[in-house]
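Architecture and fold: a report
Listed below, chain by chain, are the residues.
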Amino acid sequence: MLADFDAIVVGSGITGGWAAKELTELGLRTLVLEAGRPILPEQDYVEHKPPWEMPFRGLGDRRANASRQSIQRHSATFDEMSHVFWTDDVKNPYSTPADRPFHWFRARQVGGKSIIWGRQVYRWSDLDFEANLRDGIAVDWPIRYVDIAPWYDHVERFIGVSGRKEGLAQLPDGEFLPPMALNCAEQHVRERMQARFGRERVLTIGRVAVLTEAHNGRAPCHYCGPCHRGCITRSYFSSVNATLPVARATGRLTLRPFSIVKSLVYDSRQNRVTGVRIIDAQTRDEREYTARVVFLCASALESARILLNSGVANSSGQVGRNIMDHMKWGGASGQLAGWTDRRVIGNRPNGIYVPRFRNVASRHPDFIRGYGFQGGAGRAGWDAALHAPGIGRAFKERLSQLGPWTMSFAGFGEMLPREENRATLHPTLVDAWGIPSLHIDCRWSDNERAIHRDMNVAAAELLEAAGAIHIERSTSGPSTPGGTNHEMGTARMGRDPKTSVLNGWNQTWDVPNLFVTDGAAMASSGCQNPSLTYMALTARACHYAVERLKQGEL
Amino acid sequence: MDRRELIKWLVATAGLQGLASLAPAELLALGRDVHRRAASRNALRALSPHAEQTVAIAAERILPATDTPGATDAGVSAFIEKMLADWHTPAERDRFLAGVRDLDVRCRARAARDFVDCTEPDQVAVLTALDAAHEEWFARLKYLTVYGYCTSEPGMRALGLYPLPGRYDGCAPLDAR
């Protein structure tokens, strides 16, 4: 029987868009299934809508958020305009143990979370790919930096990454567009850190998938600020802005929104997936599509859910296990004297980055792995007057006065893979389409808690080196797991089919024509924002799959 | 992490209270209340005409028109009416409205008139006392006044926040545009 398509890609987010681009460019007739609605930039992007045109001026519809998006509203970029890019928590339920909350941020629309992502892109190094082997935990990555480096190049050249080369082994340089500028205070902190810590602790401008010059037909950033509401100039990378248009231009893309994948269709006689079964989100009709190869790019937990609901590719028992995220809310801030006659103009959609420095050259006594700092410096504006004393003319003048420069460091910590951090199918809970939901049980370990404590200490050291005053360490405990939206690990790569779900090509050990290329594939979490690695792994897996198809091996 | 997220993280507690901690019972009450008021045909749904006038004058005393627009020019009272009707819980709104009524009590004690009919110096004196006493409802009025002004078109233009500059300069002189 002839298949409907050569390839099916489940999901149109950051990895689904890449799979669509690579597979169609390599000649495959490709169906992309997206659970959510279509996105029309001219209509759906609202980044330039001024606050006075919003009913709640940006404070959001408190009642609707609390009742329909009680989880999603915790996301860092959730606001009155962007809330439409997150799911409805009532229609898409999941459960956790009562005392172990997990924030599962989800996006169902063409483009997925690539519309609302943080856009920070960092390469991993062998410090990361060798970590599990070195520490003797979980499973060894089946790949090393040399395997993925050309694919980092490939992805960076297409998406456009602004950044500065620093020559650090733990954070390899890439193919960068001109960096965005540090502001006066950040430049000062960079120099003081250099004087105090040399090459050990380096402050650099964030490496960000936002254009600083025209690139592949997309315009440079105009520094308006709220990227997470869309970008009509296509200046930041998303599926909608970049990969899907290229895939469409090949003439080989079929994009089907409102298509919720219920399960894979598995032929046990041939040991192949022959396609996928979907529910139309609007009509609720069920139907099947067939293809020669299937790519799951639905996000780490959603892809695991599809595998579990399909009962395939899980001979290792590892599907849904080893959930990782990055731990936040450790760090510090402080004031810097000076530059009172200077201010920032424009909204730079990017901050600073301090690459990992713990357990790089030396060994920390309290924990393995490490963390990086993001953050930046700025001056408070009218928001400082919200709680200031006084009324009248003098009080009003405060609105236009700027506060002192304040520098902040916020840690992003690595989380270890642990089998007991696990998503399973809920025995009774289903979503609005009757598909079994997940029960997610995930918590930090002592290693993450030790990292959190050290973030506060080290951030304060950086501020002291910079000569900051009024240094305040974070008083928050570790963030809620899942809350960084870097969930990963639920169908990990490995070298052994008994202990991993995927081989080194993102191909399931059990079913040769089934690939998983989103965050599920990760065998460890690093501390760098992971999307660049997901994209590179996806492109690499697509080329491998097409090669195997041509050889008649799938 | 961009500055927006940083600010959200660092000053998460500076916002209006309760957004993250609305109890289910309060939510239900809020839901019922919004439906009831949406059904009424009055343009004003939370404030009486007298209370609206009181709030508008109080907001103007907090942010008066000077060489730049004031709270009245920025339409602050309409924003406060909207927030009271559709954002705050009934309990929060009732505390706020009781505070607005208390302005009349204080002005009558001082000058035998309602707040709206008092002289400007008397109005300022009453509001200054409330500000110094950190009255909760007054802090809310002030917050909403400042927030409403700084997110209005006249307010944002006056503060140089609109239109957007379309460029980035991380170390510009204060008077640069």
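Residues numbered from 1 in each chain as written. Chains lettered and ligands numbered in written order. Predicted model: local features only at pLDDT ≥ 70, side-chain atom pairs only at ≥ 80, totals over all residues.

**Focus: the overall build of chain A**
What counts, and what does not: Helix numbering and strand numbering both begin at the N terminus, where a helix is a DSSP run of H or I of at least 4 residues and a strand a DSSP run of E of at least 2. The globule rule is 2.2 Å times the number of residues to the power 0.38, and the radius of gyration it is compared with is taken over C-alpha atoms. Think of it as a crowd count around each C-beta: if 20 or more other C-beta atoms lie within 10 Å the residue is buried, if 12 or fewer it is exposed, and in between it is partly exposed, with C-beta placed from the backbone throughout. Distance between backbone-placed C-beta atoms decides contact: two residues are in contact if it is within 7 Å.
Secondary structure assignment for chain A yields 12 helices and 18 strands. Expected size for 554 residues packed as a compact globule is a radius of gyration near 24 Å; at 23 Å, chain A falls within 12% of this value. Residues classed as buried in chain A amount to 56% of the 554 residues present. In chain A, 74% of the contacts between residues at least 6 apart in sequence involve partners at least 24 apart.

**With respect to the overall build of chain B**
Helix and strand counts for chain B come out as eight helices and one strand. The order of α-helices and β-strands along chain B, N terminus first, is α-α-α-α-α-α-α-α-β. Across chain B, the fraction of contacts at a sequence separation of at least 24, relative to all contacts at a separation of at least 6, is 61%.

**Concerning the environment of Gly-482 of chain A**
All names here are of chain A. With respect to the secondary-structure elements, Gly-482 resides in the loop between strand S17 (469-473) and strand S18 (514-516). What makes Gly-482 buried here is the crowd of 21 C-beta atoms within 10 Å. The spacing of Gly-482 and Ile-278 is 204 residues in sequence and 27 Å in space, taken between C-alpha atoms. Apart from the residues within four sequence positions on either side, Gly-482 is in contact with Phe-102, His-103, Trp-104, Asp-325, Cys-442 and Glu-487.

**Points about the interface of chain A and chain B**
How we decide: Under this grouping Gly is polar, as are all residues other than the nonpolar Ala, Val, Leu, Ile, Met, Phe, Trp, Tyr, Cys and Pro and the charged Asp, Glu, Lys and Arg. Two strands are counted as paired when DSSP detects at least two bridges linking them.
Contact with chain A, which involves 52 residues of that partner, is made by 49 residues of chain B. Elements with a contribution of two residues or more to the side of chain A that touches chain B: helix H3 (62-68), strand S11 (342-345), strand S13 (371-379), helix H10 (393-398) and strand S14 (405-413) of chain A. Partitioning the side of chain A that touches chain B into residue classes produces 25 nonpolar, 18 polar and nine charged. Inspection of the sheet shows S11 of chain A paired to strand S1 (residues 169-173) of chain B by three bridges, in the antiparallel sense.

**Comments concerning helix H11 (residues 446-465) of chain A**
Residue and element names in this part refer to chain A. Let me state the cut-off plainly: To estimate the expected span of a helix, subtract one from its residue number and multiply by 1.5 Å.
In this model, H11 (20 residues) spans 29 Å end to end at C-alpha, consistent with the 28 Å of a helix rising 1.5 Å per residue. Every buried residue of H11 is accounted for by Asn-447, Glu-448, Ile-451, His-452, Met-455, Asn-456, Ala-458, Ala-459, Ala-460, Leu-462 and Leu-463. Two residues or fewer after H11 comes Gly-467, characterised by a positive phi angle close to 80°.

**What about the environment of Asp-122 of chain B?**
All names here are of chain B. Within the element layout of this structure, Asp-122 appears in helix H6 (residues 120-132). Residue classification places Asp-122 among the partly exposed residues on the basis of 16 C-beta atoms within 10 Å. In this structure, the C-alpha to C-alpha distance between Asp-122 and Val-100, residues 22 residues apart in sequence, is 15 Å. For Asp-122, the contacting residues outside a window of four places in its chain are Cys-107, Arg-110 and Ala-111.

**Digging into the environment of Gln-194 of chain A**
Residue and element names in this part refer to chain A. Mapping Gln-194 onto the fold places it in helix H7 (residues 184-197). On the basis of neighbour count, Gln-194 is assigned to the partly exposed category, with 15 C-beta atoms found within 10 Å. It is 35 Å that separates the C-alpha atoms of Gln-194 and Ala-385, two residues lying 191 residues apart in sequence.

**Points about the nonpolar core**
In a soluble, globular protein the nonpolar side chains are often hidden away together inside. Under the convention used in this document: Among buried residues, those of type Ala, Val, Leu, Ile, Met, Phe, Trp, Tyr and Cys that are joined through C-beta atoms within 7 Å form a set called a nonpolar core.
Judged by nonpolar contacts, the single largest core of 150 residues is most densely connected at Ile-8, Val-9, Val-10 and Val-294 of chain A. Element by element, the count of residues in this core is highest for helix H12 (residues 531-550) of chain A, at 10 residues. When sequence neighbours within four positions are dropped, the list of residues in contact with Val-294 of chain A reads Ile-8, Leu-264, Val-273, Val-276, Asn-513 and Leu-514 of chain A. Grouped together as the second largest cluster of nonpolar side chains are 39 residues, Ile-391 of chain A together with Ala-59, Ile-62 and Val-76 of chain B included.

**Thoughts on the sheet that holds strand S12 (residues 352-354) of chain A**
Residues and elements named next belong to chain A. What the six strands build is an open sheet, ordered S5-S12-S13-S14-S10-S17; its pairing is antiparallel. Two strands close off the open sheet at either side, each with one partner strand: strand S5 (204-205) and S17. For strand S10 (residues 331-336) and S14, the ladder comprises six bridges, and the chain directions are antiparallel. Bridge assignment links Ala-332 to a residue of S14, and that residue is Phe-409.

**A look at the pairing of strand S1 (residues 5-10) of chain A**
Residues and elements named next belong to chain A. Heads up, the rule is: The path from the first strand over the helix to the second decides the hand: if it runs clockwise while the strands point away from the viewer, the crossover is right-handed.
With five of six residues buried, S1 lies mostly within the body of the structure. Pairing analysis gives five bridges linking S1 to strand S9 (residues 286-296), with the strands arranged parallel. Bridge pairing in S9 links Val-9 to Phe-295. As judged from the four bridges shared by S1 and strand S2 (residues 30-33), these two strands associate in the parallel manner. Within S2, the position partnered with Val-9 by the bridge is Val-32. A crossover connection joins S1 to the parallel S2 through helix H1 (residues 14-25); in handedness this β-α-β unit is right-handed.

**Quick word on the domain arrangement of chain A**
All names here are of chain A. Filter applied, for reference: An automatic or database domain assignment provides the domain bounds reported here.
For chain A, the assigned domains are domain 1 (1-144 + 252-325 + 425-442 + 487-554) and domain 2 (161-236 + 328-413 + 444-480). Of note, the centres of domain 1 and domain 2, computed from C-alpha atoms alone, are 29 Å apart. Listed per partner, the contact involves 25 residues of domain 1 and 31 residues of domain 2. Along the lines of polarity and charge, the residues of the side of domain 1 that touches domain 2 split into 13 nonpolar, seven polar and five charged.

**Things to note about unusual backbone geometry**
Most peptide bonds are trans, and most residues other than glycine sit at a negative phi. Along the chain, Tyr-162 of chain B connects to Pro-163 of chain B via a cis peptide bond; the corresponding omega equals 0°. Along the chain, the position of Pro-163 of chain B falls in the loop between helix H8 (153-158) and S1. Positive phi outside glycine occurs at Asn-271 of chain A, with the angle close to 50°. When the 12 C-beta atoms within 10 Å are taken as the criterion, Asn-271 of chain A is described as exposed.

**Observations concerning the packing of H1 of chain A against H12 of chain A**
Residue and element names in this part refer to chain A. How we decide: Convention adopted: a line fitted to C-alpha atoms gives each axis, helices being fitted over their contacting stretch, and angles between N-to-C directions are expressed from 0 to 180 degrees. Should an angle fall under 35 degrees it is taken as roughly parallel, and over 145 as roughly antiparallel, whereas 65 to 115 is taken as roughly perpendicular and any remaining angle as oblique. Note on convention: near helix rotated counterclockwise from far helix by under a right angle means a left-handed crossing. Clockwise means right-handed.
At a minimum axis separation of 9 Å, H1 and H12 run at an interaxial angle of 30°. Considering their axes alone, H1 and H12 lie roughly parallel with respect to each other. As for how H1 packs across H12, the hand of that crossing is right-handed. Judged by residue contacts, Ile-14, Thr-15, Trp-18, Ala-19, Glu-22 and Leu-23 of H1 engage Ser-531, Tyr-534, Met-535, Thr-538, Ala-539, Cys-542, His-543 and Val-546 from H12. Its residues placed into classes, the contact of H1 with H12 shows nine nonpolar, four polar and one charged.

**So, the confidence of the model for chain B**
Residue and element names in this part refer to chain B. Stated precisely, the cut-off is as follows: What pLDDT conveys is the predictor's confidence in a given residue, as a value from 0 to 100.
Residues at a pLDDT of 70 or more form 76% of chain B, whose mean pLDDT is 85. Throughout residues 6-21 the model reports pLDDT below 50, and contacts reaching past four residues in sequence, or to other chains, amount to 14 contacts. Reported confidences for the modelled complex are a pTM of 0.94 and an ipTM of 0.94.

**Digging into the pairing of strand S7 (residues 259-267) of chain A**
Residues and elements named next belong to chain A. Where S7 meets strand S8 (residues 272-280), eight bridges bridge the pair, whose relative direction is antiparallel. If you follow Ile-260 over to S8, its bridge partner there is Ile-279. Counted along the chain from S7 to the antiparallel partner S8, the turn is four residues long, and its residue Asn-271 has a positive phi close to 50°.

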